[in-house]
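Observations on the model geometry
So you can see what is in the structure, the chains are spelled out below.
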Amino acid sequence: MVYDHIKYASEYFNLSQGIRSALVYLQQADLAALAPGRHDIEGDDVFALVSDYDTRLPSEAFWEAHRRHVDVQYVQRGRERIACGDLARFSTEPYDAERDLTVATGAASQSVEVGPGGFVILFPHDVHMPGLQAGGVDAVRKIVVKVRIR
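Residues numbered from 1 in each chain as written. Predicted model: local features only at pLDDT ≥ 70, side-chain atom pairs only at ≥ 80, totals over all residues. Heavy atoms only, no water.

Digging into the overall build of the chain
The helix and strand inventory of the chain stands at 1 helix and 12 strands. Ordered by position in the sequence, the α and β elements of the chain form the string β-α-β-β-β-β-β-β-β-β-β-β-β. Taken over the C-alpha trace, the chain has a radius of gyration of 14 Å; the compact-globule value for 150 residues is 15 Å, and the two agree within 12%. Seen along its three principal axes, the alpha-carbon backbone of the chain occupies a region of about 40 × 35 × 25 Å. (Helix = DSSP H or I, 4+ residues; strand = E, 2+ residues; numbered from the N terminus. Rg over C-alpha atoms; globule rule 2.2 N^0.38 Å.)

What about the packing of aromatic side chains?
This model, assessed by the stated rule, comprises 2 aromatic pairs. Both rings, one in Tyr-12 and one in Phe-119, keep their centres 5.9 Å apart while their planes meet at 80 degrees; by these two values the pair is edge-to-face. With Tyr-12 in the loop between β1 (2-5) and α1 (17-28) and Phe-119 in strand β10 (residues 118-122), this pair connects stretches of sequence that are 107 residues apart. Classification of Tyr-12 as buried rests on a relative accessible area of 17%. Accessibility expressed as a relative area gives 0% for Phe-119, which makes it buried. On the numbers, 5.0 Å between centres and 65 degrees between planes, the contact of Trp-63 with Phe-90 is edge-to-face. Of this pair, Trp-63 sits in strand β4 (residues 63-65) while Phe-90 sits in the loop between β6 (80-86) and β7 (91-92), and the two are 27 residues apart along the sequence. Residue classification places Trp-63 among the buried positions, given a relative accessible area of 8%. Cation over ring: Arg-38 sits above Phe-47, and NZ or CZ is 3.8 Å from the ring centre. The ring of Tyr-95 has Arg-67 lying over it, and the distance from NZ or CZ to the ring centre is 4.0 Å. (Phe/Tyr/Trp six-rings, centres within 6.5 Å; stacked < 30°, edge-to-face > 60°. Buried < 20%, exposed > 50% of the residue type's maximum accessible area, 1.4 Å probe, protein only. Lys NZ or Arg CZ within 6 Å of the ring centre and 35° of its normal.)

Quick look at the nonpolar core
The biggest cluster of nonpolar side chains holds 23 residues, and the ones touching the most others in it are Leu-23, Leu-26 and Val-145. Within the residue set of this core, elements represented by two or more residues are α1, β3 (46-54), β5 (69-77), β10 and β12 (139-148). Setting aside residues up to four positions removed in sequence, Leu-26 forms contacts with Ile-6, Leu-31, Val-72, Tyr-74, Ile-143 and Val-145. (Core = buried A, V, L, I, M, F, W, Y, C linked by side-chain atoms within 4.5 Å. Contact = heavy atoms within 4.5 Å.)

A short note on the environment of Leu-101
Along the chain, Leu-101 turns up in the loop between β7 and β8 (102-105). Considering only alpha carbons, one finds Leu-101 and His-66, 35 residues apart in sequence, at a separation of 5.1 Å. Not counting residues up to four positions away in its chain, the partners in contact with Leu-101 are Phe-62, Glu-64, Ala-65, His-66, Pro-94, Tyr-95 and Asp-96.

Some remarks on α1
Counted at 1.5 Å a residue, the expected span for α1 with its 12 residues is 16 Å, and the 16 Å between its end C-alpha atoms agrees. Every buried residue belonging to α1 is among Gly-18, Ile-19, Ser-21, Ala-22, Leu-23, Tyr-25 and Leu-26, and all of these are buried. The elements touched by buried residues of α1 are β2 (37-40), β3, β5, β10 and β12. (Expected span 1.5 Å × (residues − 1).)

Some words on the sheet that holds β3
Adjacent strands of a sheet form backbone hydrogen bonds with each other and so pair up, either parallel or antiparallel. Ordered in space as β1-β10-β5-β12-β3-β2, the 6 strands form an open sheet in which the pairing is antiparallel. Edge positions in the open sheet fall to β1 and β2, since each of these has one partner strand only. Across the sheet, the mean angle separating the axes of adjacent strands is 20 degrees when strand polarity is ignored. Sheet topology places β5 next to β10; 4 bridges connect them, and they run antiparallel. (Pairing = 2+ DSSP bridges. Axes fitted to C-alpha atoms, helices over the stretch in contact; angles between N-to-C directions.)

What follows is the structure, given as structure tokens:
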């Protein structure tokens, strides 16, 4: 997992062309004007999912991981905690290929508090539980850019 602020996004451009496209999009798009839902950046290879929600307790959330996509999760408004761990240390349910989703059970090895302008990059081995309360319920606007793995 990578955790940083969008002002340092260029430090991660070398990870892949898709991650570069995701980070440039997050730097340049008028994110506040985007409607919730899917927004194509490079078709199915790089696309953004915009969500508005209230943060929740861990008991109301679940662990997830993805095989075909890297997540670039960016908080545009609000504050949340994202828990993360090594997928190899979790037990998993069968992979849902249609949703590119593995649901897991286990305990976090770390968490980060992400506020406005913060982002995390989550790779397939990074099981994660996003959208958690960071000291209380908060209204969050988050943009998750999905980057297809080649």
